[in-house]
Amino acid sequence: MPSESSFLTSLKLELAYFSGRAWQGREVSGAGVILRFERVLPRRSGWFQPLRANEITPRFLERTVRALRRWKYDFVSMDEVCRRAVILPQRRRFVCLSFDGAYKDVARAVYPILAHHEVPFMVYLPTAFPDGVGAAWWLALEKIVAKEDRVSLMIDRNERHFSFRSLSEKNEAYEFLSSWLRRLPPVELKAAIGDLCKRYSVDLAALTREAMMDWGDLAKIAADPLVTIGCATVNYPALSNLKESDALREMTMGKAVAEAAFHREVRHFAFPFGDRDSFRRAHVVMARDAGFSSAVSTIAGIVDTAGRTNLHALPRIAWDGRIRSLRAMRVVLSGANFPAVRPTPKPEI
């Protein structure tokens, strides 16, 4: 079941679609969108699914592609997004599909569907994951909260205890703990999730390897010119938790590792997590200085033309997998829910 908030969001978008007035006049010729997805897998059973918003099914992806074609969107690569963002408006709107995290879903489900339809797409890669040393801590936390009725851990040098008597309490605990973990500097995050996994017998390394592509998987899809591999740092930290020198190292090392692996330039970057709390203006400048042609966030918005959108702070629409209505998607992609695009100042040199 979708949460109340996602249900109400879906209902409002459905009403906006049928009224027409909220979106038909906003489909501006030439502007475009970058859609962001994470997991693509068959619907899972079970009531406790705190990461459900990040999951769509293969069938929904297929329906999305067919709908975008009906709506006369041009499917474009990220290179083409950058080109169209700085030229005068074209006749048709454009869409770029992007996938974060390099999950095995991309090789198993995404690539067969999009290759069949000849649709280009982006994969943003944290290079520690195919190396087998990454830590998908959010998956471990989900597994721990799912199987336990009580969780104890150290927070700010105090032992804290969380008891779960209902589904809502599990969801609240997961939200609290994931938000706390994401705010920690890398060393503290590693210690905290390591302690949790040890206490509750979760093999974080095995869980991450099971979920993420290895270099062999990536090499197979990267050989197709429809696929563009981008960088999402090495370890996928929230950059706002790092010293500036460490943040720049994460960017440049991630770029260097990916370029060495694929023997090609890696031109596009994704801020890990990508919301307003996860990166700062200084990181936008870093992305440019690190040699990236673009950098994307998960801050929702439309990519406008004629240089009105900063290429190193590009908005993306992170689709909520709990919403399965294509009518709702059409309203969102129209830009009706977003303020009009204003020119974004370029970073100072």
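Note that the structure is predicted; figures quoted are calculated from it, not measured.

1. Section: the packing of aromatic side chains
Taken as a whole and assessed by the stated rule, the structure comprises 15 aromatic pairs. Centroid distance Trp137 to Trp138: 5.5 Å. Interplanar angle 80°. Geometry classified as edge-to-face. Taking the relative accessible area as the measure of exposure, Trp138 reaches 9% and is therefore buried. With a centroid separation of 4.9 Å and an interplanar angle of 55°, the aromatic rings of Tyr236 and Phe273 are classed as tilted. Within this pair, whereas Tyr236 is found in the loop between strand 9 (227–231) and helix 10 (244–262), its partner Phe273 is found in the loop between strand 10 (268–270) and helix 11 (281–289), the two being separated by 37 residues in sequence. Residue classification places Tyr236 among the buried residues on the basis of a relative accessible area of 8%. On the basis of relative accessibility, which here comes to 17%, the residue Phe273 falls in the buried class. Through a chain of ring-to-ring contacts, three or more aromatic side chains come together here, namely Phe129, Trp137, Trp138, Tyr236 and Phe273. The ring of Phe48 is capped by Lys170, whose NZ or CZ atom sits 5.9 Å from the centre of that ring.

2. Topic: the nonpolar core
With 60 residues, the main nonpolar core has Leu97, Phe99 and Leu114 as its most contacted residues. If we skip the residues at most four places from it in the chain, Phe99 touches Phe37, Val40, Leu61, Val106, Val110, Leu114, Phe121, Met122, Val123 and Tyr124.

3. Considering the environment of Ala306
By the element assignment, Ala306 lies in the loop between strand 11 (294–296) and strand 12 (317–318). In contact with Ala306, other than residues within four places in its own chain, are Arg84, Ala85, Val86 and Ile87.

4. With respect to the side chain of Asp105
With respect to the secondary-structure elements, Asp105 resides in helix 4 (residues 104–116). Residue classification places Asp105 among the buried residues on the basis of a relative accessible area of 6%. Contact partners of Asp105, with chain neighbours within four places excluded, come to Arg39, Val40, Leu41 and Val110.

Scoring rules and cut-offs
- Residues numbered from 1 in each chain as written.
- Predicted model: local features only at pLDDT ≥ 70, side-chain atom pairs only at ≥ 80, totals over all residues.
- Heavy atoms only, no water.
- Phe/Tyr/Trp six-rings, centres within 6.5 Å; stacked < 30°, edge-to-face > 60°.
- Buried < 20%, exposed > 50% of the residue type's maximum accessible area, 1.4 Å probe, protein only.
- Helix = DSSP H or I, 4+ residues; strand = E, 2+ residues; numbered from the N terminus.
- Lys NZ or Arg CZ within 6 Å of the ring centre and 35° of its normal.
- Core = buried A, V, L, I, M, F, W, Y, C linked by side-chain atoms within 4.5 Å.
- Contact = heavy atoms within 4.5 Å.

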